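# Geometric and topological summary
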Amino acid sequence: MRELFRWSSKWWPGVIPLVVFWAIACWTSTPPLEADLAARSTAALRDTVLDKRRIAVAGRDITFAADAFSEEGRRSAVASVESVPGVRLVNDETRLVPEAKPFVWSAERDVVRVTLGGSSPLPASKGKLLEAARAGLGGVEVVDQMNLSRGAPPRFDSAALLLLDQIGKLKDGKITISDTKVSLSGMARDLGGREAIAAALRNLPEGFSVAANEIKAPPYIFQAYKDPVASSVTLSGYVPDNNVHAALAATAARKFFSEKVVDNLKASVGAPSGFSQAVVPALGALSRLSTGTLVVSDREVKLSGDAFYDAAAVQIRAGLGKDFPQGWQFKADISVKPAAAPVDATVCQQLFADLLAKGKIRFESGRDTINPDSAGLLDRLIETALRCPTVNIEIAGHTDADGEDGFNQALSEKRAQAVIDYLVKAGLPANRFTAMGYGSSQPLAGNDTDEGKAQNRRIDFVVR
């Protein structure tokens, strides 16, 4: 026994450095080992679909946490970590992401942004929707409020991407998927947008259907502004088609005899029934104003501005809606421009001549009925007559040389008298005017061309 003690006293001092070396080895090798296991565990999870994954290594033991999107996927991920060489124990802290019942996703647009909300089935789906929204909405701010949830119907991604294309056609509104039911509400950005959205919804993936489509079309607006300073009439807004466009532009050219017509009209779907039948007489009323604005919004006509004289304002207010189709509404806010200063006979004659050089009083063919297109010109002539109240005026009728002389003579007299009747109805004294018919005896141009004949068919105002 004494010999054993003597022998052990010789080797135990050598154990101390061995223990020290062992501790140093453990301390220096553990961090690289843990880092290696963490890297290999992460690599093993490369092909798994997880969210919020976290790996913590203590020696050869791994704590693994993540949100999985199916039970099978969760188990497969845990098994992948357990199979990493060198791993002794896996502490499983994985869980399934919550299931959404119903599974709801939405895209909502306001003036400045688009907000994606509700649920998305996978991180890849969420990223795909955000990327599509930012790429397809022209720089509009995209706000992500989507959560990750289980329970998405089959072909969800395809349906959501198709609906994101439609949010770009909205001025404001919301599109929602609830399981396989699609609901839409809001205002289309452009005319035709509502129809385009409805057409796109026919391409929803199999299994999806439209539960509600409450997309409204923007107001169908036609506008005309008469500017006396620029001597122009600007047409803007929408017309149903190119044929109506051409017809309204021609109407404006006839009615606004002295103004330049600026045509900014565009053809678009969505015009209310009776559009042309309302716009044409409304343009006629605008032509009788010194300055004015015409706004046709859906089936409502609003006319505002200054008439040339009191009686014209009364006539315009009373007659605005008479020729409108049934169901159309109108509002007339008509005042009277301030009376211009009186002028002498010479200036009066020059004013009449200037007006009649820009436009002609038109009549129905072969008759003494004044064409409504001449109302604006007649109002300007009446305004001028009011500025020279002390002079007498001859209304002289002229025709071209077509037809018999007797007929032309009688027609020229009747047309001159029709003009006087119009002036008297406007409030001017009848005794200031004399009707004279000259038939074809005083031509301004040759009667061998249509252009020359048109110049010869005229009414002159002659100050006496």
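None of these values were measured; they are calculated from a predicted model.

Each helix and strand counted, the protein chain has 12 helices and 19 strands in total. Here the C-alpha atoms of the protein chain give a radius of gyration of 43 Å, more than 25% beyond the 23 Å that 2.2 N^0.38 yields for 464 residues. Structurally, the protein chain occupies a C-alpha span of about 165 × 45 × 40 Å along its principal axes. By the burial criterion, 40% of the 464 residues in the protein chain qualify as buried. Contacts in the protein chain between residues far apart in sequence, at least 24 positions, make up 68% of those at least 6 positions apart. Of the roughly 24200 Å² of accessible surface on the protein chain, 53% is carried by carbon and sulfur atoms.

Before going further, it helps to examine the nonpolar core. Phe222, Leu294, Ile361, Ile395, Val419 and Phe461 are the most contacted members of the largest nonpolar core, which has 63 residues in total. Discounting residues that sit within four places of it in the chain, Leu294 has contacts with Phe222, Gln223, Ala224, Ala282, Leu283, Leu286, Val301, Lys302 and Leu303. Counting residues in hydrophobic clusters, the runner-up holds 30 residues, among them Ala107, Ala159, Leu163 and Leu184.

Turning our attention to the environment of Gly192. Here Gly192 is to be found in the loop between β9 (181-188) and α5 (193-201). Once the C-alpha coordinates of Gly192 and Asp179 are considered, the two residues, 13 residues apart in sequence, prove to be 29 Å apart. If sequence neighbours within four positions are ignored, Gly192 has contacts with Ser268 and Val269.

With that settled, consider the pairing of strand β17 (residues 393-398). Of all six residues in β17, six are buried, a share of seventy percent or more. Going residue by residue along β17, you find Ile393, Ile395 and Gly397 tucked away on one face and Glu394, Ala396 and His398 tucked away on the opposite face as well. Summarising the sheet, β17 and strand β18 (residues 433-437) pair through five bridges and their orientation is parallel. Following the sheet pairing, Glu394 is matched in β18 by Thr434. Between the parallel elements β17 and β18, the chain passes through helix α11 (residues 405-425) in a crossover that is right-handed. Bridging between β17 and strand β19 (residues 458-463) involves six bridges; their strand directions are antiparallel. Within the sheet, the bridge partner assigned to Glu394 lies in β19 and is Val462.

Let us now look at the sheet that holds strand β13 (residues 260-267). As summarised here, the arrangement of the six strands in space is β13-β12-β11-β14-β15-β16, forming an open sheet in which the pairing is mixed. The strands lining the two open edges of the sheet, one partner per strand, are β13 and β16 (329-336). Between one strand and the next, the sheet's axes are offset by a mean angle of 5°, whatever the strand orientation. Alignment of strand β11 (residues 221-227) against strand β14 (residues 289-297), held across six bridges, turns out to be antiparallel. Opposite Ile221, over in β14, you have Ser297 as the bridge partner. Set on the sheet, helix α7 (residues 275-287) makes contact with β11, β12 (232-239), β14 and β15 (300-307); between it and β14 the angle comes to about 160°. Packed onto the sheet, helix α8 (residues 310-319) meets β14, β15 and β16 and runs at close to 175° relative to β16.

Let us look at the sheet that holds β17. Strand order in the open sheet made by the three strands is β18-β17-β19, with mixed pairing throughout. The open sheet is flanked by β18 and β19, the only strands paired with a single partner. Across the sheet, the axes of successive neighbouring strands diverge by a mean angle of 20°, strand direction being ignored.

The next point concerns the environment of Cys348. Here Cys348 shows up in helix α9 (residues 345-358). C-alpha separation for the pair Cys348 and Val462, spaced 114 residues apart in sequence, amounts to 9.5 Å. Those residues within four positions of Cys348 in sequence are excluded, and the remaining contacts are Val343, Thr384, Cys388, Val391 and Val463.

Compared with the 16 Å implied by 1.5 Å per residue over 12 residues, the 17 Å span of helix α2 (residues 71-82) between its first and last C-alpha is a close match. Looking at α2, one finds that the buried residues are Arg74, Ala77, Val78, Ser80 and Val81. Seen end-on, α2 carries its buried residues on one side only, within an arc spanning 155°. For α2, the exposed residues set more than 90 degrees away from the buried face come down to Glu72 and Arg75.

For the rest of this paragraph, the subject is the layout of surface pockets. Space inside the largest pocket adds up to approximately 680 Å³. Lining the largest pocket are 22 residues; nearest its centre among them are Arg288, Gln315, Pro372, Ala375 and Tyr422. Broken down by secondary-structure element, the contributors of at least two residues to the lining of the largest pocket are α7, α8, α10 (375-387) and α11. For the lining of the largest pocket, the class distribution of residues is 12 nonpolar, five polar and five charged. Lining the second largest pocket we find 22 residues, and of these Phe363, Glu364, Ser365, Arg415 and Arg457 sit closest to its centre. The set of elements that each furnish at least two residues to the lining of the second largest pocket consists of β17, α11 and β19. In terms of residue class, the lining of the second largest pocket is made up of six nonpolar, eight polar and eight charged.

Let us look at the state of the cysteines. Considering all chains together, one arrives at one disulfide under this definition. Disulfide pairing is shown between Cys348 and Cys388; the S-S distance is 2.1 Å. Remark: Cys388 occurs in the loop between α10 and β17 and Cys348 occurs in helix α9; sequence separation between them is 40 residues. On the basis of relative accessible area, Cys348 is assigned to the buried category, the value being 0%.

Here we come to helix α4 (residues 156-167). The end-to-end C-alpha distance of α4, which contains 12 residues, comes to 17 Å, matching closely the 16 Å that a straight helix rising 1.5 Å per residue would cover. α4 sits mainly inside the fold: nine of its 12 residues count as buried. Among the residues of α4, those classed as buried are Phe156, Asp157, Ala159, Ala160, Leu162, Leu163, Leu164, Gln166 and Ile167. If you follow the buried residues of α4, they end up packed against β5 (104-109), β6 (113-120), α3 (123-136), β8 (170-178), β9 and α5.

What counts as what
Residues numbered from 1 in each chain as written. Predicted model: local features only at pLDDT ≥ 70, side-chain atom pairs only at ≥ 80, totals over all residues. Heavy atoms only, no water. Helix = DSSP H or I, 4+ residues; strand = E, 2+ residues; numbered from the N terminus. Rg over C-alpha atoms; globule rule 2.2 N^0.38 Å. Buried < 20%, exposed > 50% of the residue type's maximum accessible area, 1.4 Å probe, protein only. Contact = heavy atoms within 4.5 Å. Areas by Shrake-Rupley, 256 points an atom, 1.4 Å probe, with all protein chains shown as cover. Core = buried A, V, L, I, M, F, W, Y, C linked by side-chain atoms within 4.5 Å. Pairing = 2+ DSSP bridges. Right-handed = clockwise from strand over helix to strand, strands pointing away. Axes fitted to C-alpha atoms, helices over the stretch in contact; angles between N-to-C directions. Expected span 1.5 Å × (residues − 1). Arc of directions from axis to C-beta. 1 Å grid on protein atoms, 1.4 Å probe; cavity = no way out; pocket = protein on both sides within 12 Å on 5 of 7 lines; lining within 4 Å. Points joined across faces, edges and corners; volume = space filled by probe spheres on them. Nonpolar A, V, L, I, M, F, W, Y, C, P; charged D, E, K, R; others polar. Disulfide = S-S within 2.5 Å.

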